[in-house]
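Now for the letters of each chain:
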Amino acid sequence: MENLKNLIIVIFGASGDLASRKLIPAIFSLKTQKMMPEKCSLVGVGRTNFSNEDFRAKMKEALMTFSEEKDKSSEIIESFTDELRYLQVDNSGAESYTRLRSLLDTISGEKGIEKNYIFYLATPPSLYEVISVNLSNAGLLDQKEGFRRVIIEKPFGYDLESGRKLNCTLHELMSEDQIFRIDHYLGKETVQNLLVTRFANGMFEPLWNRNYIHRVEITSSENIGVEDRGGYYDSSGALRDMVQNHLLQMVGLTAMEPPSSLDANAIRNEVLKVFQSLQPIREEDVPNQVIRGQYTSSLIRGECVAGYRDEKGVARDSRTETYVAIKFFINNWRWGGVPFYIRTGKRLPTRVTEIVVHFKPTPHHLFRRTMEKVSANQLIIRIQPDEGILLKFDMKEPGAGFNVKNVNMDFHYKDLADIRVPSAYVRLIADVMLGDSTLFSRDDEVETAWKFLEPVQRAWANNPSIKVYGYPAGTWGPEHSNDLIEGDELTWRYPCKNLADDELYCEL
Ligand code: BG6
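All of the points below concern the structure found in this document. It should be emphasised that the depicted structure is a prediction, and the values quoted were computed from it without experimental measurement. Numbers given to residues run from 1 along each chain, matching the order in which its sequence is written. Where local features are concerned, this predicted model is filtered to residues with pLDDT of at least 70; where side-chain atom pairs are given and counted, the filter is 80 or more; whole-chain, interface and lining totals use all residues. The side-chain numbers reported here are obtained from all heavy atoms of the structure, hydrogens and water having been left aside.

**A closer look at unusual backbone geometry**
As a rule of thumb, non-glycine residues mostly have phi less than zero, and peptide bonds are mostly trans rather than cis. Where we set the bar: Secondary structure counts use DSSP, requiring at least four H or I residues in a row for a helix and at least two E residues in a row for a strand, with both numbered from the N terminus.
Following K154, the chain continues to P155 via a peptide bond in cis, the omega torsion being 5°. Positionally, P155 belongs in the loop between β5 (148-153) and α6 (160-173). The linkage connecting Q384 with the following residue, P385, adopts the cis geometry, with an omega of -20°. In this structure, E227 takes a positive phi of about 50° despite not being glycine. Within the secondary structure, E227 is located in the loop between β7 (213-221) and α8 (230-234). Positive phi, close to 55°, is recorded for R347, a residue that is not glycine. By the element assignment, R347 lies in the loop between β12 (340-345) and β13 (352-359).

Now the structure itself:
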C-alpha cells in the first residue's frame, strides 16, 4: 500500500442518483475530516448539459440533503462545491475523451497535481466497457505519468458468462490492480469487524467449526420496496442484486480460514477458497434448496402498501424475486456438514443485516426437567443497524432449584467510542486513493460467485414450474423458507414480528 498522493477524481454519471446520494457526500466527508490529499480536484462528467455553476448548485443541494456531516453551513459546503468542475460528454464519442484529457492536463498544470487519476464509473453497467475502451484509447489508463484507477459498481455482469466477458474486456485495457469493484457491504465497519472478532480473540476461533457449530444463518432484510428502481430491479432480482455480491461476501468472511497476513490478496485468497468450496447446488435440487418470493400488497398498521407488480417500471406479470433464501454447504475440513442459510428480501418487517451462529447444544441435558426446551447458544453479529454483538446463553434464575433462563450479553458498537461509524463509501473511496484493494471484489471471486449461482439461474429460467411465492409486504417472506431449515421445530431467527395486518400468502 502506498501513501496518499495528490490526485484528480473523475465521476462518470455525475448528474445521477449515486453521485448525489453517496459519492459527493462521501468525498465531502473525507475533505471535512482532512482525509483527502493536500492537492486534489473533482471533476463530474455526464451527458447532461450542465455548466460548472449548474453542477455546483446541484451538488450543494445534494450535500444539504444527504451529507452526514454535522456542519452543513453554506460556507463550508460552498468552499467544497466551488472547486468542482463539470464536463459534458458523449460516453461513446472519442472526441469527448480528448477534451477530458486536456481538461485533466489543465487542472494538473494549474494546481500542480501529479497525473494520478481515479475514474469512478457511476453509470449503468452497460457503459463500463465503452467508457473503459475510450479512456484507454485516449491514453488515460496508461500509468506512465501517474496511477490510473477505475472504480465500478455492481452488477459485475448478469451471469457467469457476462461476468467473465466483462472481466476479459477490462483486462485487455488495464491490469487487475487498477480495477476496484465496489461491494459497499465490505466497506461497512461491522463487516470488517468480523475479521477482528474471529482472529483477534482466542475464545471464538477454537469453536468456529463443524464440531461446535450447528448452523449459520445470514439475513439481510429491508423494509423498503424497490422504490424508483423498478426498471433496474425487475431485470435483476434479489439473487443478482444482493446474493451474488453482499451476502456471499459475508459468507466468505464468516467461513474463511485465517489469512496469512492482512494483505489484500491474502484475505481475498481465503474468501475465494470458501467460494470454491461451496457445494454446487444441482439444478434438480433448486426447488428444495432455494426459495424465492415476491411481495404482494398488504395492509401495514392500517395503511395500504403496494405489491411489487404494481411498482413503477415493473412488469404486471413479473416473476422476479424480491426475496430469496438459500440453504447450502461448504465442502471443506472446517465446515463439512454444517448447513449455511442465507436470505434477503425487500418489504420485510424491518431493516436488519445479521449473522447468526448457532452452536450445538451440550451433549447431555442436565437441566432437562427445569428447562422448557433445550436451548443452544447463539452468537449474533449485527451488521446494521445498531451494530454490535449479542451472545445468547443460559443462566440460573435466582432462587431455589435449577430454573434455567436464556439471557443476553449485549455489546453495542456505538459504546466503543464517541465517533460516528464512517459510511461505507467514505472508507472505500479512501482505500482507492491509497491503492488498497482489500475491501474490493477480485475478478476470480466475482466469477466463482456467479458459478455457484449459475444452476439456480438456469433452473429458474428453464423450469417455469418452480414456484414464486407471494408474501404480503411487511412479513418475513414466504412461510416455505422455514422448510429449508433442517431439524424439528427449527426456524429462521426473527428479529421482530410480521407487520402486515392481514397475512395472505399465495403462489404467483
Ligand atoms: C444495494 C442494492 O447494493 O444494496 C439495493 O442494489 C439494496 O437494492 C442496498 O437496497 C442495500 O444496502 P444497505 O447498505 O442499505 O443494506
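**So, the sheet that holds strand β18 (residues 469-472)**
Rules: For two strands to count as paired, DSSP must find a minimum of two bridges between them. Contacts between residues were defined by any pair of non-hydrogen atoms, one from each residue, lying within 4.5 Å. To define axes, lines are fitted to C-alpha atoms, for helices over the stretch in contact only, and angles between the resulting N-to-C directions are given on a 0 to 180 degree scale.
Spatially, β16-β15-β14-β13-β7-β12-β11-β8-β18-β19 is the arrangement adopted by the ten strands of the open sheet, whose pairing is mixed. Every other strand in the sheet has two partners, leaving β16 (404-412) and β19 (506-507) as the edge strands with one partner each. As paired strands, strand β14 (residues 378-384) and strand β15 (residues 388-396) are joined by five bridges and run antiparallel to one another. Paired with I380 across the bridge in β15 is L390. Relative to the sheet, helix α7 (residues 189-199) contacts β13, β14 and β15, its axis offset from that of β14 by approximately 145°.

**Some words on the packing of aromatic side chains**
Heads up, the condition is: In this scheme Phe, Tyr and Trp rings, the latter by its six-membered ring, pair at centre separations within 6.5 Å, and the angle between planes marks the pair as stacked below 30 degrees, edge-to-face above 60, and tilted otherwise. Both a distance and an angle decide whether a charge sits over a ring: NZ of Lys or CZ of Arg must be within 6 Å of the ring centre and within 35 degrees of the ring normal.
For the structure on display, the rule yields 18 aromatic pairs. With centroids separated by 5.8 Å and ring planes inclined at 20°, the aromatic side chains of F328 and F340 adopt a geometry described as stacked. Of this pair, F328 sits in strand β11 (residues 323-328) while F340 sits in strand β12, and the two are twelve residues apart along the sequence. Joined through ring pairs, the aromatic side chains of Y232, Y233, Y295, Y308, Y323 and Y471 make up one cluster. The side chain of R149 reaches across the aromatic face of F147, ending 3.5 Å from its centre. Of note, R240 hangs over the ring of Y158, and the distance from its end group to the ring centre comes to 3.7 Å.

**Comments concerning helix α5 (residues 128-137)**
Test applied: Burial classification: accessible surface area is computed with a 1.4 Å probe over protein chains only, and a residue below 20% of its type maximum counts as buried, one above 50% as exposed, and the rest as partly exposed. The arc refers to the directions leading from the helix axis to the C-beta atoms.
Taken together, the buried positions of α5 are occupied by Y128, I131, S132, N134 and L135. The arc that holds every buried residue of α5, seen down its axis, measures 165°, which confines them to one face. Where the residues of α5 are buried, they touch β1 (7-12), α4 (94-111), β4 (117-121), β5 and α6. Immediately beyond the C-terminal end of α5, within one or two residues, lies G139, with a positive phi of roughly 75°.

**Section: the pairing of β5**
The condition that has to hold: Look down the strands so they point away from you; if the path from the first strand over the helix to the second goes clockwise, the crossover is right-handed.
In terms of burial, β5 is a largely internal element, six of the six residues being buried. With burial as the criterion, each face of β5 is covered, one bearing R148, V150 and I152 and the other bearing R149, I151 and E153. Two elements, β4 and β5, share five bridges in a ladder whose sense is parallel. Paired with Y117 across the strands is R148, a residue of β5. On the question of chirality, the crossover connecting β4 to the parallel β5 by way of α5 is right-handed. As defined by bridge partners, β5 adjoins strand β6 (residues 179-182) across four bridges and the pair is classed as parallel. Bridging from a neighbouring strand, V150 pairs with I179 of β6. Once you follow β5 into α6 and on to β6, the crossover reads as right-handed.

**A look at the sheet that holds β4**
An order of β3-β2-β1-β4-β5-β6-β17 is seen for the seven strands of this open sheet, with the pairing classed as mixed. Edge positions in the sheet fall to β3 (85-88) and β17 (440-441), since each of these pairs with one other strand and no more. Contacting β2 (40-46) and β3, helix α2 (residues 52-66) crosses the sheet at an angle of about 120° to β3.

**Considerations on the pattern of salt bridges**
Put simply, the rule reads: A pairing counts as a salt bridge when a side-chain nitrogen of Lys or Arg comes within 4 Å of a carboxyl oxygen of Asp or Glu.
Enumeration according to the criterion identifies 29 salt bridges in this entry. Close ionic contact of E129 with K165 constitutes a salt bridge, the shortest N to O distance being 3.6 Å. Pair noted here: E129 is in helix α5 and K165 is in helix α6, with a separation of 36 residues, a long-range link. Linking R382 and E354 is a salt bridge whose minimum nitrogen-to-oxygen distance equals 3.2 Å. Residue R382 is located in strand β14, and its partner E354 is located in strand β13; the two are separated by 28 residues in the primary sequence. Overall, the relative accessible area of 0% leaves E354 in the buried class.

**Structural notes on the pairing of β14**
Buried residues dominate β14, accounting for six of its seven residues. Counting the residues that bridge the hairpin from β14 to β15 gives three residues, and of these D386 lies at a positive phi of roughly 50°.

**Quick look at the nonpolar core**
Worth spelling out the cut-off: The definition of a nonpolar core used throughout is a set of buried Ala, Val, Leu, Ile, Met, Phe, Trp, Tyr and Cys residues joined through side-chain atoms within 4.5 Å.
With 109 residues, the main nonpolar core has I11, L248 and I326 as its most contacted residues. With ten residues, helix α9 (residues 237-255) is the single largest residue contributor to this core. Setting aside chain neighbours within four positions, we find I326 in contact with L239, V243, I281, Q289, V290, F340, Y341, I342, L453 and L484. Counting 32 residues, the second-largest nonpolar core is a separate cluster that includes F12, L100, L166 and L170.

**Quick word on the site of the ligand**
This is how the line gets drawn: Near residues are defined by distance, with any heavy atom within 4 Å of the molecule or strand qualifying the residue. We define a polar contact as two N or O atoms separated by no more than 3.5 Å, with the added condition that, inside protein, one atom must be a possible hydrogen donor and the other a possible acceptor, whereas residues neighbouring each other in sequence contribute only through side-chain atom pairs. Note on areas: Shrake-Rupley, 1.4 Å probe, and residue coverage restricted to the protein chains presented here.
Taken together, K154, H184, Y185, K188, E222, R229, D241, M242, H246, K346, R351 and Q384 make up all the residues around the ligand. Contact between the ligand and K154: an oxygen atom at 2.7 Å from a side-chain N or O atom of the residue. Between H184 and the ligand, the recorded distance is 2.8 Å, taken from a side-chain N or O atom to an oxygen atom. Protein contact buries 83% of the 400 Å² of open area that the ligand shows by itself. The dominant element in the shell around the ligand, judged by the number of residues it contributes, is α9, at three residues.

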